[in-house]
Amino acid sequence: MSTVSACLTCGACCASYRVSFYWGEATGAPNGYVPSELTENFHPHLLCMQGTNQAEPRCVALEGEIGQRVGCRIYADRPSPCREFAAGDEEANPYCDKARAKYGLAPLIPVKNVA
Ligand code: SF4
Ligand code: SF4
């Protein structure tokens, strides 16, 4: 999920994929910022957001109703995969399109491609 407004009425990616990242990003590490209590071990060197390593993922930090109004309750401290995931209206991202389609939402068009 990014800062752009389309994400605030979506949230699909937060309930579609496993969100895993290096353990050093979490508060259990000296310079970590992602709340460790919202993570779980995934791999010897990786954590994931709770709720995302399951058949029907939904990140524990996601609030609201997908496709209506959502928010990330750790937005300022979200892990790197969330920061790097581009919304489809920022740039083409088939993973954004795929997540939105799962929840019946149309793909977004990159703003630069809109006439
Ligand atoms: S699926 Fe795309 S539009 Fe929806 S919240 Fe994620 S990045 Fe934003
Ligand atoms: S941490 Fe926030 S942005 Fe990342 S998957 Fe969870 S709810 Fe979405």
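The preceding data block contains the structure.
From a predicted model like this one, the values you see are computed outputs, not experimental measurements.

Q: So what exactly am I meant to see when it comes to the site of ligand 2 here?
A: The environment of ligand 2 is formed by M1, C14, V19, C59, A61, L62, C72, I74, P79 and C82. Class assignment for the residues of the shell around ligand 2 results in 10 nonpolar, no polar and no charged.

Q: Can you walk me through the environment of H45 in this structure?
A: With respect to the helices and strands, H45 occurs in the loop between strand 2 (39-43) and strand 3 (46-49). Considered as a pair, H45 and A26 are 19 residues apart in the sequence and their alpha carbons are 12 Å apart. Among residues more than four places away in sequence, those in contact with H45 are F21, Y22 and W23.

Q: How should I be thinking about the site of ligand 1 in this particular structure?
A: Every residue lining ligand 1 is accounted for by C7, C10, G11, A12, C13, F85, A87, C96, R100 and L108. Its residues placed into classes, the shell around ligand 1 shows eight nonpolar, one polar and one charged.

Q: What is the right way to look at the nonpolar core in this model?
A: Within soluble globular proteins, side chains that are nonpolar tend to cluster in buried spots. In terms of nonpolar packing, the biggest core is built from 27 residues, with M1, M49 and I74 touching the most fellow members. Listed by contribution, the elements that provide at least two residues to this core are strand 3, strand 5 (69-72) and helix 3 (94-102). Leaving out residues up to four positions away in the same chain, M1 has contacts with C7, G11, C13, C14, L62, V70, G71, C72, Y75, R78 and C82.

Cut-offs used in this document
Residues numbered from 1 in each chain as written. Chains lettered and ligands numbered in written order. Predicted model: local features only at pLDDT ≥ 70, side-chain atom pairs only at ≥ 80, totals over all residues. Heavy atoms only, no water. Near = heavy atom within 4 Å. Nonpolar A, V, L, I, M, F, W, Y, C, P; charged D, E, K, R; others polar. Helix = DSSP H or I, 4+ residues; strand = E, 2+ residues; numbered from the N terminus. Contact = heavy atoms within 4.5 Å. Core = buried A, V, L, I, M, F, W, Y, C linked by side-chain atoms within 4.5 Å. Buried < 20%, exposed > 50% of the residue type's maximum accessible area, 1.4 Å probe, protein only.

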